[in-house]
Amino acid sequence: MTVRVEIDYDRCTGCKRCVRSCSYGVLEWLDDAPIVANPHSCAACLECQKNCEAGAITIKVT
Ligand code: SF4
Ligand code: SF4
């Protein structure tokens, strides 16, 4: 299983909820936006996607 975390920065409002909701340390805050700091740690739990009200996060599992 390969997981890709995609962040649409045009939609992101900078609420930080994705970073707070990730228990696996995948997402980190850098300056004024979330980044996918540790993509290989992603467990595809979808919490970040569910908590992003802006619809800026997409988890793709292939
Ligand atoms: S939850 Fe969504 S809108 Fe909020 S910082 Fe993360 S990507 Fe941006
Ligand atoms: S799907 Fe889960 S493990 Fe992966 S980045 Fe989002 S919250 Fe973290």
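Computed from a prediction, not measured in an experiment: that's the story for all the values here.

Draft legend 1. Spatial organisation of the overall build of the chain. On a plain count of helices and strands, the chain comes out with 2 helices and 4 strands. Taken from the N to the C terminus, the helices and strands of the chain come in the order β-α-β-β-α-β. Across its three principal directions, the C-alpha atoms of the chain cover 30 × 20 × 15 Å. Out of the 62 residues in the chain, the part that is buried amounts to 18%.

Draft legend 2. How the structure looks around the site of ligand 1. Taken together, 14 residues are adjacent to ligand 1, and Cys12, Cys15, Cys18, Cys52 and Ala54 come closest. In terms of residue class, the shell around ligand 1 is built from 9 nonpolar, 3 polar and 2 charged.

Calculation notes
Residues numbered from 1 in each chain as written. Chains lettered and ligands numbered in written order. Predicted model: local features only at pLDDT ≥ 70, side-chain atom pairs only at ≥ 80, totals over all residues. Helix = DSSP H or I, 4+ residues; strand = E, 2+ residues; numbered from the N terminus. Buried ≥ 20, exposed ≤ 12 C-beta atoms within 10 Å, placed from the backbone. Near = placed C-beta within 6 Å. Nonpolar A, V, L, I, M, F, W, Y, C, P; charged D, E, K, R; others polar.

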